[in-house]
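Below, each chain spelled out in residue letters.
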Amino acid sequence: MGRSILRGGVSIGILTNLTLTAQLAAGHCPAEQPPKPPWLTPKEAAIQRNEELTKEITKKNAQIQALEDEIKALKKAKSVKSTKVESGWKTFEASAYTAFCSEGCTGITKTGVDVSQSIYYEGARVIAVDPSVIALGSTVEVRLADGSSFRAKAIDTGGAIKGARLDLLVASESDAVQFGRQSVELRVVK
């Protein structure tokens, strides 16, 4: 009985030594094996995934906000560009008004200029414009359908003057009626 135990003990020891020798020869050392990754509970895994998704969503939201800001800037640039009259000729609908009437006329323009005595301001005819299209104080050239043209100063506005419209100051109501409504060409000079 003692012999079989010894033989068995030697056999196990020899096998163990042979296994270790084979592992070392193959470049594997049992002590150098990488540790197993820590096991996460389902709750910890869900928390970790939630944190990853939150970071991803935050990054996407920042990208979306940057694109929305870019769109707003482009729309603003486009609207400013489309409403401002540039140096080229643009078609406007023109009508006429007078500041020389018995009642309801003050003769004071939107810019505070008294035109009750003259249809000219700084040597140019006075016109009312939509200030979102032509800046108040601008000097423009107006070309009528008959080919004649004149310089005008945009110093007034009017309730019905919206968009590509202008109102020419004339000396009397009869002059306003005679002028009527007509299509004109306009370009900003300065």
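For the structure itself, consult the block above.
The following refers to the structure shown. (Residues numbered from 1 in each chain as written. Predicted model: local features only at pLDDT ≥ 70, side-chain atom pairs only at ≥ 80, totals over all residues. Heavy atoms only, no water.)

1. Structural notes on the nonpolar core
Rule in force here: Throughout this description, the term nonpolar core refers to a set of buried Ala, Val, Leu, Ile, Met, Phe, Trp, Tyr and Cys residues connected via side-chain atoms within 4.5 Å. Working definition: with a 1.4 Å probe on protein chains only, accessible area under 20% of the residue-type maximum means buried, over 50% means exposed, and in between means partly exposed. Residue contacts follow a heavy-atom distance rule, with two residues in contact if any of their heavy atoms lie within 4.5 Å.
By size, the foremost hydrophobic cluster in this structure holds 20 residues, and its most contacted members are Ile127, Ile134, Val142 and Leu166. If sequence neighbours within four positions are ignored, isoleucine 127 has contacts with Val140, Ala152, Lys153, Ala154, Ile155, Asp156, Leu166, Asp167 and Leu168. Within the second largest apolar cluster, nine residues are counted, among which are Tyr97, Val113, Val115 and Val126.

2. With respect to unusual backbone geometry
For the record, the criterion: Strands here are runs of E lasting at least two residues and helices are runs of H or I lasting at least four, both read from the DSSP assignment and numbered beginning at the N terminus.
The backbone of glutamate 122 sits at a positive phi, close to 50°, despite the residue not being glycine. In this fold, glutamate 122 is placed in the loop between strand E2 (120–121) and strand E3 (124–129).

3. Brief notes about the pattern of salt bridges
Put simply, the rule is: Salt bridge, as used here: a side-chain nitrogen of Lys or Arg that lies within 4 Å of a carboxyl oxygen of Asp or Glu.
For the structure shown, the criterion picks out four salt bridges. Measuring nitrogen to oxygen at the nearest pair gives 3.5 Å for the salt bridge that ties glutamate 52 to arginine 49. Of this pair, glutamate 52 and arginine 49 both sit in helix H2 (residues 42–83), three residues apart, which is roughly one turn of the helix. A relative accessible area of 45% places arginine 49 in the partly exposed class. Of the charged contacts, one joins arginine 187 and glutamate 141 as a salt bridge, the two residues approaching to 2.9 Å between their closest N and O atoms. Taken as a pair, arginine 187 in strand E7 (residues 182–188) and glutamate 141 in strand E4 (residues 139–143) lie far apart in primary sequence, 46 residues in all. Residue classification places arginine 187 among the partly exposed residues on the basis of a relative accessible area of 30%.

4. Focus: the pairing of strand E1 (residues 90–98)
Put simply, the rule is: If DSSP finds at least two bridges between two strands, the strands pair.
Bridge analysis of E1 against E7 gives five bridges, and the strand direction is antiparallel. Note on E7: the bridge partner recorded for alanine 94 is glutamine 182. Note: E1 against strand E6 (residues 165–170), six bridges, orientation parallel. Along E6, the bridge assignment pairs serine 95 with aspartate 167.

5. A short note on the side chain of serine 138
Selection rule: Counted as a polar contact is a pair of N or O atoms within 3.5 Å, where, for protein atoms, one must be capable of donating a hydrogen and the other of accepting one, and residues adjacent in sequence contribute only when both atoms are in side chains.
When you line up the elements, serine 138 lands in the loop between E3 and E4. The exposure class assigned to serine 138 is buried, which follows from its relative accessible area of 11%. Of note is the side chain of serine 138, whose polar atom sits 2.7 Å from the backbone oxygen of alanine 135. With near-sequence residues (within four places) excluded, serine 138 lies in contact with Ala152, Lys153, Ala154 and Lys190.

6. Quick notes on the packing of aromatic side chains
In plain terms, the rule: In this scheme Phe, Tyr and Trp rings, the latter by its six-membered ring, pair at centre separations within 6.5 Å, and the angle between planes marks the pair as stacked below 30 degrees, edge-to-face above 60, and tilted otherwise. Our definition puts a charge over a ring when NZ of Lys or CZ of Arg is within 6 Å of the ring centre and also within 35 degrees of the ring normal.
Using the criterion set out here, one finds zero aromatic pairs in the structure. Lying over the aromatic face of tyrosine 120, arginine 125 brings its terminal NZ or CZ to 5.8 Å of the ring centre. Above the plane of the ring of phenylalanine 150 lies arginine 125, whose end atom (NZ or CZ) is 5.6 Å from the centre.

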